[in-house]
Amino acid sequence: MATYQEFIQQNEDRDGVRFSWNLWPSSRLEATRLVVPVSCLFTPLKERPDLPPVQYEPVLCSRANCKAVLNPLCQVDYRAKIWACNFCFQRNPFPPSYAGISDVNQPAELMPQFSTIEYIVQRGPPNPLIFLYVVDTCLEEEDLQALKESLQMSLSLLPPNALVGLITFGRMVQVHELSCEGIAKSYVFRGTKELSSKQIQEMLGLTNPAASGPQSRPAAPQDPAVTCRFLQPVHKVDMNLTDLLGELQRDPWPVPQGKRPLRSTGIALSIAVGLLEGTFPNTGARVMMFMGGPPTQGPGMVVGDELKTPIRSWHDITKDNARHLKKATKYYDALANRAAVNGHSIDIYACALDQTGLLEMKCLSNLTGGHIAMGDSFNTSLFKQTFQRVFSKDHNGEFRMAFGGTLEVKASRELKVSGAIGPCVSLNAKGPCISENEVGVGGTTQWKICSLSPSTTLALYFEVVNQHNAPIPQGGRGAVQFVTQYQHSNTQRRIRVTTVARNWADAQSQIQHIESSFDQEASAVIMARLGVFRAESEEGPDVLRWLDRQLIRLFMFHLRRSPFLQVFNNSPDECSYYRHHFVRQDLTQSLIMIQPILYSYSFHGPPEPVLLDSGSILPDRILLMDTFFQLVIYHGETIAQWRKAGYQEQPEYENFKHLLVAPVDDAQEILQTRFPMPRYIDTEHGGSQARFLLSKVNPSQTHNNLYSWGQETGAPILTDDVSLQVFMDHLKKLAVSSAT
Amino acid sequence: MNVNQQTPMASPYGPPQPGYGQPSYAPLGGGYPGPYGPYNGPAAAYQPGAPPQGYSPYASFPSKAVAANPVSDLSSPLDLGPARGPLTSAPRPVSTPQAYSQYPQGDSQNGPPPMDHSMAQPAHRSPVSQPYSHGAMNLSGPHPSYSQQYGAPPPMQQVTNQMSGMQIGSGPPTSVGPGYAHHPSSQPPISAAYSSAAPPSYTQAPPPLSAAPSQPPPPSEPAASQPYYGGPPPPQQQPFPSAHHPSQPFVSSSPYLGPPSQPQAPPVSQQQSFPPGPPAQQPFPNSAPPPVSQASYSGPPPLTQHSFPPSSQSGPFPPISISPSQYPGPQPQSQPGPPPFHSGPSPRGPIPPPSMSQQQANHLPPGPMQQQQPPQPGMQGGYPTQQNGAFGQPRGPQPGYAGPHYPGQQNYGAGPAPAPAPPAQKRLDPDSIPSPIQVIEDDRVNKSSEPFTTGVKGQAPPLVTTNFQVKDQGNASPRFIRCTAYNMPCTADMAKQSQVPLAAVIKPLAMLPPDETPPYIVDHGDGGPIRCNRCKAYMCPYMQFIEGGRRFQCGFCSCVTEVPPHYFQHLDHTGKRVDCYDRPELSQGSYEFVATVDYCKNNKLPQPPSFIFFIDVSYNAVKSGMVNIVCQELKTLLDYLPRENPEADSVVRVGFVTYNKVLHFYNVKSSLAQPQMMVVSDVSDMFLPLLDGFLVGVNDSRMVIESLLDQIPEMFADTRETETVFGPVIQAGLEALKAADCAGKLFVFHSTLPIAEAPGKLKNREDKKLVGTDKEKSLFQPQSGFYSNLSKECVAQGCCVDLFLFPNQYVDVATLGVVPVSTGGSVYKYTYFQAETDRERFLNDLRRDVQKPMGFDAVMRVRTSTGIRATDFFGSFFMSNTTDVELAGLDCDKTVTVEFRHDDKLSEDTGALMQCAVLYTSCSGQRRLRVHNMAVNCCSQLADLYRNCETDTIINFFSKYAYRSILNTPTKTVRDTMVNQCAQILACYRKNCASPSSAGQLILPECMKLLPVYLNCVLKSDVLQPGADISLDDRAYLRQLLSCMDVSESHIFFYPRLLPLVKLDGGSLPMAVRNSEERLSKGGVYLLETGLHLFLWVGANAQQELLSNIFGTPTFSQIDPNMTSLPELDNPFSQRLREIIDSFRSQRSRYMKLMVVKQEDKAELIFKHFLCEDKSTSGGASYVDFLCHMHKEIRQLLS
């Protein structure tokens, strides 16, 4: 018997699912006592190179409100050619094409190893991928140049039949027409005036009033050439577009002294959304917005153009001093919802030294499955590589992205769905298995995930509704089926079905078993997501209090200090950024985010993970810290001196050279795979950038406990934060007291 | 001078007037036909005295002959026939034959005229030193001028000048005789006649000179005529005509008239004189027609036309016949005299009976006679000299007024009038009423030879139709400022009594001919121009330096201001600054100051202006070919943007926008390989989508611009968009200029009513049912206040809008034109634009519009001396207060008419001053102040006022006033008001200035004798009295167009020029004929210039040779009526004709498209519309009828 550890790993590898509990308490009462709800992390498009998609339609349960997909858990009567739905127990005949079915001739979906199976279905003509660039031109020349190059480069990465469009904005918003020869043509909008989707389409000439007869609405994305001159196949316009990008100028309007450039980000986005809405509704599309500063005019403006008024800080927000916050947030929320409804996702690539308004705009990406990347400049490898990585391809040479996904969850009768947390929006699909208890985005059994990557992970929360007095028979299993429909990057429509089951256990009699089935890592991430979700939607202090109440019983010291919950020392934008990524990454990455990993390199032995503690910071070590967002290589004091002295250049100290190179190589490896590209920091003892490390480690030594000051035990951290030791002491006390 | 003289003379010199009139006519006619030289000769000859005789015969005979010729050319038979018919009442047919006979004679006359010329010059000189000088000047001047355009006319003018002098003098003495003589004489020798006339006038001697011939006639005539003339008629005609003509006329007349008419002669002269006199020149031909006219007016016109070229020839004939005819009319009634005249009587008989009014008209005719004189007076140069000769000094005339001379003149004027009175019942002979052609010719002859110097206060300049040179000696050139009256009444009461409008027509940036110096530029340094402390008037010649030059006293408000140290200069013994002549601002009427930063908007030196081109690319615009043409043209036109230094590149930047219901801006930055188009669909809230690269230097971005202009037509070739916007287009331009922080001009090429959803959207409100109702005015008002508000913003930014319209249907010019009109822009309209036929016209307009010098962001202020005030302004501008005229753009063609009113008394000693200062940004971006100064006299006698008015300017003012009034007042009321005011003006004159005479007489002031005919033209213009085929847009267009016309444009607009095309050899123009169908000859070809159109009317019986020469085909039916340019044929006639057409076009601010109208073709209706002396299809009265009506009005006022 495999350990739970192996079981969990195996399940994750096969289905992309990790449950907080791998045995489920069989009654509602018991489940609530467990604090951590029955829940799971689900990665819908978990990469399964070994899983060949099947080329036919799934077989559905015929009950109208069930429609579960035939799966290995179903009971099948091969002679009668009948199968029973394991969710609603409806007995269904197989369709005629399954006539040859038998014990030895099973379709794939009935084989146990195909608990996750992918169908390729034919639904109408294939929809090309759509990439709409929304580019800020209020950039420094250098930045703009770098951005232009990145964009031009990206054209070569797009599939030739993908549709591409370009919107640039500054004081005005320009929608570039790509189909025309000779004169570069663009439609220009004022950056201060909010327009309805209909107006935008009219102004772009997308409605043809003359030809109202045949197609009353331009809801015919099938003939894009006619419908939209603004979105054209890459292969047709790449030369044109390359030139166009090359000629892109900085926003020409003069920026007076003491002012910010006027950026019409809000309008630019609304036009992008409106454009896609009018031309390609319900088709996968990606709006990629590149901005070099905060929106400063029009709806969605985050800060005024007066430089003397700084952009809102947490302080302003708590004091309710952020003038534009609510309005802007509301504006972007509405936009995000519109985009989500139509299956369009919005990426934000924000590169600026100051905040750019991600706090207000985060929902654009959060609700639509878009990416957010944040950097200091477009002229950094951080941005360049992150952007490039958006277009990374899998082993089949296909993009690691999918569009227009919907995730439907079906659960056994004893289980109801409370909600989901992740880059999704509710589709408001009513069904029998909806819990009244909402957690995250609830009240539905279907969610829309406009854009998916293989690592996109949702947290799903369930509620055990089985009453205590109606015990489930021994050996009973609860099942959950995830049905993910999406548009593959090769334009195919696909359906991936994952069906998993877990045993029910009586908490009273089998508490030990349940305990051992607890997935600590998954639970941590799941609860952290819940915390973040609440932090996003509720007042900060309330969340902390809730956390303290709920989670103090857990081990979540680092989470509490993380930027996901702790806003101190992080700008609102940074928090938004971190949270954005936290609620979508898979378990491993999420864990890194919660508790950064610290490796130590020294002459004393091979690289080893060390405690994330100030005690680990020693002069003769090189530390490599991975916080997901940052990769910090920290050279201890002695090492730094050696390096400065140039020993690594001397042949006799080649081992030192190797020591220096080792963490860099490891970091490189991480950099290669991570999205978004982390900030790579190479620093040393006393370096200004060392703060990234110092702020993360457990402050076991501070200026307050001077007894260790100056000793060879690590570096003191100048903070008033409590150390893990103190935290644990409190925790113990609390644990005891709460137990009483 | 003349005017004055005339007025007074009117009554007393009845007889002479007729004579004058006749002679003058004759000269005119003669001058034209004959070579210039000859005419002059005659004139001289006349003066000497000897010449007169010779001339007279020549003249008289020739004139007839000439007349005949013209007639023949025209389709003489018919015309003549009718003409004579009327004369004799019965025998029209007979007359025709006669006409023929006359023609031959005319030819013979042609010969003589040359003689006259040569003679004339000498004669002038001898008679009066001054005159001579003038004469000399004239000679030289005229000749050149002739060669240029009006080869012919100039001589005439010269002649007339001389004549005028002569007339004055002679007028009194020999008035009668001359008058008659004139008719005859004038006819033949016309030019000669004038000259001859002149001599007489100079000194009463003239009579003597002509004595033999002339005197005789005078006496006889006088005797007869005086009675007839009753004073008024003679005066007018007499002075000039008689004097001049006398010599010739006398001779000739005596012969002609004499025989039949001595008895008649008087009457003739009286009645005829009026008619004849005037006719004489035109009349002659007319005279023939007149009869016809009586029978049918149409007849005469042809003659008149002929008369121009052949005028001299034809003139003579007509005179004879005319005089009779006319005389007849008037004479019978008025006096026996007329009848005696012979033909006169008979004609009279018939004529008179027809209409009492006619009689009056006849009186009017004297007017024409007077006109002849007036022109002479008008030609100040000529006049004065002559007068000097006669009366003493040029100004003498005025003084003379009181004196007998004046009376004599008055007589002339009056003479005719009285005569008419009697005949009143009879029909009025068109030839007997004041003829614009005659007046114009006289002025031309008298005043074109010598430069007009502006140093003398209160001197009326030559007519706008006269070619003359101006020397700025302290007052603004008439090219810059023309006044309605050069002698302002001292008091408000006087002004009110006379009802003569006091106004100035100011064209601040007028282009000057190459031989005149443009205003000098003066820089007063960092302190800016020196100004009066109180009224802020700028330093000018009227500032009086006192206290040794340390202070100056303002001529406007009398405030004393310190002279800044850097400007100090000692005074000489006369109290003038020593540097007076070194400083333009102290010695010139017009000059420019360099403005300092204080005179700039926001205290910032201005940027160079920008031109933005907005091209409508909707379906209609593309289909008509407009888009293509504009784009092609702009490629070359951009090299001709205005600049001050012809060597340097223009600093004007350009931008391009195309639009239909959305706007497409273009980025044509020089660094781009291809232009970029930026579409702005959000027209509801216009903004400028780009900054950098929209407005560029032409040379920097040439490649990109050319690429753009190549591509625009292609891009929109297949457009199906039919809707357009307009408001947002202007807004876009405005925003662009705001963004660039400069002034500029928008060129909007627009095709349709802007019905697309956008600000300034318009609906089709064309409703012909409203025409004639009280609601008609609403059609001229803008649909909404949107454009008015927009234009305010435009003006504030210095954004001038020029609108080129290419409508196929109603576009609501009244509303679309609001912005152009308020911003100093222009509206051009090309209805039913077709690339093939309208291309030239459009392109020429566009070229001129782009290239013409202009100022931007201008503010104009008119300061006046205490006592009067500028109260009302007319033109293309915006006013935010009551004094400052704000013009976003001010080009060289734009005129502002300013009305003055008294707010106190003026002094006769100091006169009245006005200073028009225009602050503007030049096309190179310099801030400048152009100052025009004008001083006029003040008078306490109404007679003085009436002596120094300028009818053309008055009409300019009246028409602008009327055209504006229809915005708020029913059109009919406006018309009535105009008639009433005109009647009051004339009645006031009659009551206060004219010598007593019968109430039935129509007595017109010499300088206003054309007021009725011109006013009638205004009243029946399309705006005030539309025909059924005139669209609302057309009316609104014309209404706006007129608002910024100068006097010369308004003159030709209301009274087009009709030239008979005969004998185009030589440098001269044929003499114009009056705008009446009866002056057209079936056998002729005529050129009609309206200022907006050119018509080539081809008579059905036109000679084959003529047709071959012009069209290259001898067959009438083969002429393509659709041609817009004449074939380039290698014969002198064709070459000359095309030269003439070209020169006409070059004189106008808008290109005139040539339309070939074949007689009895349906297009002829359009042509006939411009024959403004005829009854119009829209109900407008004929000249004759209107004159009668006017007379009735006057009588009512008097009684």
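Regarding chain B, the UniProt comment filed under Sequence similarities (unreviewed entry) reads as follows: "Belongs to the SEC23/SEC24 family. SEC24 subfamily."

As annotated in an unreviewed UniProt entry, chain A carries the name Protein transport protein SEC23 and comes from Oncorhynchus kisutch. For chain A, the Function (unreviewed entry) comment in UniProt is given as "Component of the coat protein complex II (COPII) which promotes the formation of transport vesicles from the endoplasmic reticulum (ER). The coat has two main functions, the physical deformation of the endoplasmic reticulum membrane into vesicles and the selection of cargo molecules for their transport to the Golgi complex."

1. Brief notes about the overall build of chain B
When helices and strands are counted, chain B shows 51 helices and 28 strands. Taking all contacts inside chain B whose residues are at least 6 apart in sequence as the whole, residues at least 24 apart take part in 82%. Here chain B displays about 32,700 Å² of accessible surface, and carbon together with sulfur accounts for 51% of that area.

2. Looking at empty space enclosed by the protein
Residue and element names in this part refer to chain B. A full pass over the atoms with the stated rule returns twelve cavities of 30 Å³ or more. Looking at the second largest cavity, its volume works out to about 180 Å³. Taken together, 16 residues make up the lining of the second largest cavity; nearest its centre are Leu1041, Met1045, Glu1049, Ser1149 and Arg1150. No other element matches the three residues that helix 47 (residues 1047–1054) contributes to the lining of the second largest cavity.

3. Looking at the sheet that holds strand 28 (residues 1153–1158) of chain B
Residues and elements named next belong to chain B. With mixed pairing, the four strands of this open sheet are ordered in space as 25-26-27-28. The outermost strands of the open sheet, each flanked by one partner alone, are strand 25 (1057–1060) and strand 28. The sheet shows a mean angle of 20° between the axes of neighbouring strands, taken without regard to direction. The strands touched by helix 49 (residues 1132–1147) are strand 25, strand 26 (1085–1089), strand 27 (1093–1098) and strand 28; relative to strand 26, the strand with the most contacts, the crossing angle is about 10°.

4. Considering the pattern of salt bridges
In this structure the tally under the stated criterion is 75 salt bridges over all chains. Residues A:Glu306 and A:Lys259 are paired through a salt bridge, measuring 3.0 Å at the closest nitrogen-oxygen approach. With A:Glu306 in the loop between strand 13 (285–291) and helix 8 (314–318) and A:Lys259 in the loop between helix 6 (234–247) and helix 7 (265–279), this pair connects stretches of sequence that are 47 residues apart. One salt bridge in this structure joins B:Arg847 and B:Glu633, with 2.6 Å as the shortest N-O distance. Of this pair, B:Arg847 sits in helix 41 (residues 835–851) while B:Glu633 sits in helix 35 (residues 626–637), placing them 214 residues apart in sequence. The partly exposed category is assigned to B:Arg847, whose relative accessible area is 26%.

5. Some thoughts on the UniProt feature "domain: Gelsolin-like" (unreviewed entry) in chain B
Mapped onto the present numbering, the UniProt feature "domain: Gelsolin-like" (unreviewed entry) falls at residues 1069–1141 of chain B. Taken end to end, residues 1069–1141 of chain B is 25% helix and 15% strand, and its first and last C-alpha atoms sit 11 Å apart.

6. A word on helix 16 (residues 572–582) of chain A
Residues and elements named next belong to chain A. The element helix 16 is largely enclosed, with a buried count of ten among its eleven residues. When we look at burial in helix 16, the residues that qualify are Pro572, Asp573, Cys575, Ser576, Tyr577, Tyr578, Arg579, His580, His581 and Phe582. Lining the buried residues of helix 16 we find helix 8, helix 10 (358–368), strand 15 (372–375), helix 13 (520–537), helix 17 (587–594) and strand 26 (630–635).

7. Comments concerning the side chain of A:Ser365
All names here are of chain A. Position of Ser365 among the secondary structure elements: in helix 10. The class for Ser365 is buried, based on a relative accessible area of 0%. Non-local contacts of Ser365, meaning those with residues more than four positions away in its chain, are made with Ile346, Asp347, Ile348, Gly370, His371, Ile372, His580 and Arg584.

8. What to know about the interface of chain A and chain B
The interface is formed by 21 residues belonging to chain A together with 26 residues belonging to chain B. Of the roughly 2,000 Å² buried between chain A and chain B on both sides combined, carbon and sulfur atoms contribute 58%. Counting the surface chain A buries against chain B, the share from its top three residues, A:Ile183, A:Val188 and A:Arg190, is 31%. Here B:Asp682 and A:Lys193 are joined by a salt bridge, their closest N and O atoms 3.1 Å apart. Taken together, chain A and chain B are joined by twelve residue pairs in polar contact (both at pLDDT 80 or more). Broken down by element, the side of chain A that touches chain B gets its largest block of residues, seven residues, from strand 11 (residues 184–190) of chain A. Among the residues forming the side of chain A that touches chain B, the class breakdown is twelve nonpolar, four polar and five charged. By the bridge criterion, five bridges tie strand 11 of chain A to strand 14 (residues 676–680) of chain B in an arrangement that is parallel. When the sheet's bridge partners are listed, A:Ala184 is paired in strand 14 of chain B with B:Gln676.

9. Looking at the UniProt feature "domain: Zinc finger Sec23/Sec24-type" (unreviewed entry) in chain A
Mapped onto this numbering, the UniProt entry gives "domain: Zinc finger Sec23/Sec24-type" (unreviewed entry) at residues 58–98 of chain A. Helix makes up 0% of residues 58–98 of chain A and strand makes up 22%, while its end C-alpha atoms are separated by 11 Å.

10. Examining the side chain of A:Arg48
All names here are of chain A. Tracing the backbone through its elements, the reader meets Arg48 in the loop between strand 3 (39–42) and strand 4 (75–77). A polar atom in the side chain of Arg48 sits 2.4 Å from the backbone oxygen of Arg14. Setting aside anything within four residues of it in sequence, one finds Arg48 in contact with Asp13, Arg14, Thr116 and Arg496.

11. Notes on unusual backbone geometry
Residues and elements named next belong to chain A. Here the residue pair Phe675 and Pro676 is connected by a cis peptide bond, since its omega of -5° sits within 30 degrees of zero. Inspection of the secondary structure assignment puts Pro676 in the loop between helix 19 (654–673) and strand 27 (679–684). Even without glycine at this site, Lys81 takes up a positive phi of about 55°. Mapped onto the fold, Lys81 is located in the loop between strand 4 and strand 5 (82–84). The class of Lys81 is partly exposed, set by a relative accessible area of 27%.

12. Examining the nonpolar core
Of all hydrophobic cores here, the largest spans 183 residues; its most connected members are B:Phe665 and B:Leu1087. Sorting elements by how many residues they give to this core places helix 44 (residues 971–992) of chain B first, with ten residues. Counting residues in each nonpolar core, the second largest holds 167 residues, with A:Leu206, A:Ala340, A:Leu407 and B:Ile615 among its members.

13. Let's talk about the environment of B:Pro478
Residues and elements named next belong to chain B. Looking at the element boundaries, Pro478 is found in the loop between strand 2 (470–471) and strand 3 (481–483). On the basis of relative accessible area, Pro478 is assigned to the buried category, the value being 7%. Put simply, Pro478 and Phe452 are 26 residues apart on the chain and 9.1 Å apart in space, counted from C-alpha to C-alpha. Other than its neighbours up to four places away in sequence, Pro478 contacts Phe452, Thr454, Pro461, Phe468 and Val470.

What counts, and at which threshold
- Residues numbered from 1 in each chain as written.
- Chains lettered and ligands numbered in written order.
- Predicted model: local features only at pLDDT ≥ 70, side-chain atom pairs only at ≥ 80, totals over all residues.
- Heavy atoms only, no water.
- UniProt positions renumbered as here; feature names shortened; annotations may be inferred.
- Helix = DSSP H or I, 4+ residues; strand = E, 2+ residues; numbered from the N terminus.
- Contact = heavy atoms within 4.5 Å.
- Areas by Shrake-Rupley, 256 points an atom, 1.4 Å probe, with all protein chains shown as cover.
- 1 Å grid on protein atoms, 1.4 Å probe; cavity = no way out; pocket = protein on both sides within 12 Å on 5 of 7 lines; lining within 4 Å.
- Points joined across faces, edges and corners; volume = space filled by probe spheres on them.
- Pairing = 2+ DSSP bridges.
- Axes fitted to C-alpha atoms, helices over the stretch in contact; angles between N-to-C directions.
- Salt bridge = Lys/Arg side-chain N within 4 Å of Asp/Glu carboxyl O.
- Buried < 20%, exposed > 50% of the residue type's maximum accessible area, 1.4 Å probe, protein only.
- Buried area = accessible area lost by both parts, 1.4 Å probe.
- Polar contact = N/O pair within 3.5 Å; in protein donor to acceptor, adjacent residues only side chain to side chain.
- Nonpolar A, V, L, I, M, F, W, Y, C, P; charged D, E, K, R; others polar.
- Core = buried A, V, L, I, M, F, W, Y, C linked by side-chain atoms within 4.5 Å.

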